Structures are given as structure tokens and as C-alpha cells.
Amino acid sequence: MPVSSDQIDDRMRRFSATCIGAGLKVTHQRTEIFRELAGSEEHPDADLIFRRVRLRVPAISRDTVYRTLAALEKHGLVRKAEILDDRGRYDANTSRHHHFVCTECGAVRDFYSKDLDALPIPRGVKSLGSIESTHVQVRGICIICAAKKPRSLKSVIASP
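As the structure is a computational prediction, the values presented were derived from the model and not from experiment.

**Q** When you look at the overall build of the protein in this model, what are you seeing that I'm missing?
**A** Counting its regular elements, the protein contains eight helices and five strands. Scored against the burial criterion, the 160 residues of the protein give a buried share of 32%. Here the contacts in the protein between residues at least 6 apart in sequence split such that 49% fall between residues at least 24 apart. Taken as two groups, the 27 positive and 20 negative side-chain charges of the protein have centres that lie 1 Å from each other.

Here it is, written out as C-alpha cells:
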């Protein structure tokens, strides 16, 4: 589901309030980098964010994007997710949610599940240290990639 304008507005208000509270200047470049993430549901990496923001802010540098993303992550405005490859992908949705990751095309989509949220942390994991957060990542083939598969593979994918 696309990010609604109300969600983007809420995220932008949280961005401004968090920056002001942390003593970070609300610069045009920082705002445009966050706006790119706030309106995206695709979890882009830093290079994609750089290319998109550069269309609106031609003078922006790749270094500025990387430093800004690190600052936004430090202040809890975005989360960095290691999905399938070694590229960090960013998410401005900081509410409790999980990810469906397509193993074919790499698409990442958010989903919500009270059942997954309620899973207990195993004792063995708790003995390793203090748990700060949990996140479930479900991997499979998205409906777009599944539709592109030959018919014989579709029946295998559909079977339980």
C-alpha cells in the first residue's frame, strides 16, 4: 500500500521536531533526504536516495546523503535494514512492523502482525544479552515475480 500524504506529513512533523530537539539544523538537503524516505515504501539504499534527491537538489553530494542517513538513524528517524545483500536499505516507517523480502527481485514490503509481535524471545537469546528490538523478515517470491514464472513453477509455488 502506498504511503499516504497524512503519513508523509506525520513523518515530516516528527522529523522537524526531532531535529530541533536534537539541535540539528533543519536544512534543505537534510529535509529532502528525509522526504525521499518518508514517501517511499520500497526501502531504498543510500545510492538510490542520492540519485533521486540530486534531481531536486543538484548540488548535493553522496557524502552528504551518507552522513545525513547516519544522523537520521542515530536519532531514530529512520532504520537501516540489511535485507538480501550487503547494501544497507533505509526505512522511515519506525512503527513496529516486519518485512516481506522477494528473493527474486529484492523488493521489500512492510507488513504488520500482532501474532509475530507477540512471539516470546527464547531464553537462549536472552542469555546472550539485552534485547533492544525484534524484527521478523519473511522471504519468498512476490506476486509480481510469481506471475512471471512459467506455469509449472507457479503450481509448485502455490502448493503448501
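There is more to say, and it comes next.
**Q** Would you mind going over the packing of helix α2 (residues 28-38) against helix α4 (residues 62-74) with me for this structure?
**A** A packed helix pair is summarised by two numbers, namely the angle formed by the two axes and the spacing between the axes. Here α2 crosses α4 at 70 degrees, and the two axes come no closer than 10 Å. In terms of their interaxial angle, α2 and α4 are classed as roughly perpendicular. Between α2, through Q29, R30, I33, F34 and L37, and α4, the contact on the second element is made entirely by T64, V65, T68, L69 and L72. Its residues placed into classes, the contact of α2 with α4 shows six nonpolar, three polar and one charged.

**Q** What should I look at first to understand the pattern of salt bridges in this one?
**A** Between side chains of opposite charge, pairing is possible as soon as their charged atoms come close. Per the counting criterion, the structure on display carries nine salt bridges. Ionic pairing is found between E36 and R56, a salt bridge with its closest N-O pair at 2.9 Å. A residue pair is termed long-range when its members are at least 10 positions apart, and E36 in helix α2 and R56 in helix α3 (residues 46-56) qualify at 20 residues. We classify R56 as partly exposed; its relative accessible area is 40%. E42 is the salt-bridge partner of R52, the closest N and O atoms lying 2.5 Å from each other.

**Q** I keep staring at the sheet that holds strand β4 (residues 108-111) and nothing clicks. Help me out?
**A** Strand pairing in a sheet is mediated by backbone hydrogen bonds. Such pairs are either parallel or antiparallel. Taking strand neighbours across the sheet as the criterion, the three strands line up as β4-β3-β5 in an open arrangement whose pairing is mixed. Each edge of the open sheet is held by one strand with a lone partner, namely β4 and β5 (137-140). Ignoring which end each strand starts from, the neighbouring axes of this sheet average 25 degrees apart. As defined by bridge partners, strand β3 (residues 98-102) adjoins β4 across four bridges and the pair is classed as antiparallel. Within β4, the position partnered with H98 by the bridge is F111.

**Q** Quick question: what am I supposed to make of unusual backbone geometry here?
**A** Generally, phi is negative for residues other than glycine and the peptide bonds are trans, each holding for most cases. Here the phi dihedral of H43 falls at roughly 60 degrees; this positive angle occurs in a residue that is not glycine. One can find H43 in the loop between α2 and α3. By relative accessible area, which is 2% here, H43 ends up buried.

**Q** How should the packing of aromatic side chains be read in this particular structure?
**A** Two measures describe an aromatic ring pair: the distance that separates the ring centres and the angle between the ring planes. What the rule picks out here adds up to one aromatic pair. Relative to F34, the ring of F15 lies with its centre 4.9 Å away and its plane at 10 degrees, an arrangement referred to as stacked. Note that F15 is positioned in helix α1 (residues 5-22) and F34 in helix α2, a separation of 19 residues in sequence. With respect to class, F15 is no different from F34; both count as buried.

**Q** Can you help me understand the side chain of R89 in this one?
**A** You can see R89 is positioned in strand β2 (residues 88-91). A polar atom in the side chain of R89 sits 3.3 Å from the backbone oxygen of E42. One polar contact links the side chain of R89 to the main-chain carbonyl oxygen of H43, over a distance of 2.7 Å.

**Q** So what exactly am I meant to see when it comes to the packing of α3 against α4 here?
**A** Where α3 contacts α4, the axes come no closer than 9 Å and their chain directions differ by 120 degrees. Considered as vectors, α3 and α4 are oriented oblique to each other. With respect to the hand of their crossing, α3 and α4 are arranged in right-handed fashion. The segment α3 lies against α4, with A46, D47, I49 and F50 engaging R62, V65, Y66 and L69. When the residues that make up the contact of α3 with α4 are grouped by side-chain class, the tally is six nonpolar, no polar and two charged.

The rules behind each value
Residues numbered from 1 in each chain as written. Predicted model: local features only at pLDDT ≥ 70, side-chain atom pairs only at ≥ 80, totals over all residues. Heavy atoms only, no water. Helix = DSSP H or I, 4+ residues; strand = E, 2+ residues; numbered from the N terminus. Buried < 20%, exposed > 50% of the residue type's maximum accessible area, 1.4 Å probe, protein only. Contact = heavy atoms within 4.5 Å. Lys, Arg positive; Asp, Glu negative; His and termini not counted. Charge placed at Lys NZ, Arg CZ, Asp CG, Glu CD. Axes fitted to C-alpha atoms, helices over the stretch in contact; angles between N-to-C directions. Parallel < 35°, antiparallel > 145°, perpendicular 65-115°, else oblique. Nonpolar A, V, L, I, M, F, W, Y, C, P; charged D, E, K, R; others polar. Salt bridge = Lys/Arg side-chain N within 4 Å of Asp/Glu carboxyl O. Pairing = 2+ DSSP bridges. Phe/Tyr/Trp six-rings, centres within 6.5 Å; stacked < 30°, edge-to-face > 60°. Polar contact = N/O pair within 3.5 Å; in protein donor to acceptor, adjacent residues only side chain to side chain. Left-handed = near helix turned anticlockwise from the far one by under 90°.

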